[in-house]
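Notes for the structure review
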Amino acid sequence: ATNKELYLCIQTLEKENERLMKKIKEYEEGFYNINEDIAEIIKTGNGSVSSSEEIERLKAEIQARDKEIERLKSELASLEKEYTALYKEVHS
């Protein structure tokens, strides 16, 4: 591959990396909001069924987001490996 082709690949990888990092940050902010919601329910709730159901719903949402973050981290790790390989090829 030519240097120009490799440069374009690196640019693409950097954009994808930026997208994944933004997505992870959004999920982290979502976790913070969910934790605040749970704390508020516990603080104001009296152990009612609706409070328990809401807590369970929020727990399920946390678990789903956690799985998505793990998937995104895996994608990010793959991108980093690809980026490193391209970087070495350009600078060798």
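Keep in mind the model is a prediction, meaning the values are calculated, not measured. (Residues numbered from 1 in each chain as written. Predicted model: local features only at pLDDT ≥ 70, side-chain atom pairs only at ≥ 80, totals over all residues. Heavy atoms only, no water.)

**Some details on helix α1 (residues 3–44)**
A rise of 1.5 Å per residue sets the reference length of α1, with its 42 residues, at 62 Å; its end C-alpha atoms lie 61 Å apart and thus fit the reference within 8%. Among the residues of α1, Leu-6, Ile-10, Leu-13, Leu-20, Ile-24, Tyr-27, Gly-30, Phe-31, Ile-34, Ile-38 and Ile-41 are the ones counted as buried. (Helix = DSSP H or I, 4+ residues; strand = E, 2+ residues; numbered from the N terminus. Expected span 1.5 Å × (residues − 1). Buried < 20%, exposed > 50% of the residue type's maximum accessible area, 1.4 Å probe, protein only.)

**Topic: the pattern of salt bridges**
The tally for this structure, following the rule as stated, stands at eight salt bridges. As a salt-bridge pair, Glu-56 and Lys-59 come within 3.7 Å of each other at their nearest N and O atoms. With a gap of three residues between them, Glu-56 and Lys-59 both fall in helix α2 (residues 49–90), about one helical turn apart. With relative accessibility at 47%, the residue Glu-56 sits in the partly exposed group. Its relative accessible area of 42% is what places Lys-59 among the partly exposed residues. Of the charged contacts in the structure, one is a salt bridge between Glu-61 and Arg-65, with a shortest N-O distance of 3.3 Å. Of this pair, Glu-61 and Arg-65 both sit in helix α2, separated by four residues, roughly a single helical turn. We classify Arg-65 as partly exposed; its relative accessible area is 22%. Each of Glu-16, Arg-19, Glu-68, Arg-71 and Glu-75 takes part in salt bridges that share partners, so that together they form one network. (Salt bridge = Lys/Arg side-chain N within 4 Å of Asp/Glu carboxyl O.)

**Some remarks on the environment of Glu-18**
Structurally, Glu-18 is set in helix α1. Spatially, the C-alpha atom of Glu-18 lies 26 Å from that of Ser-92, the residues being 74 residues apart in sequence.

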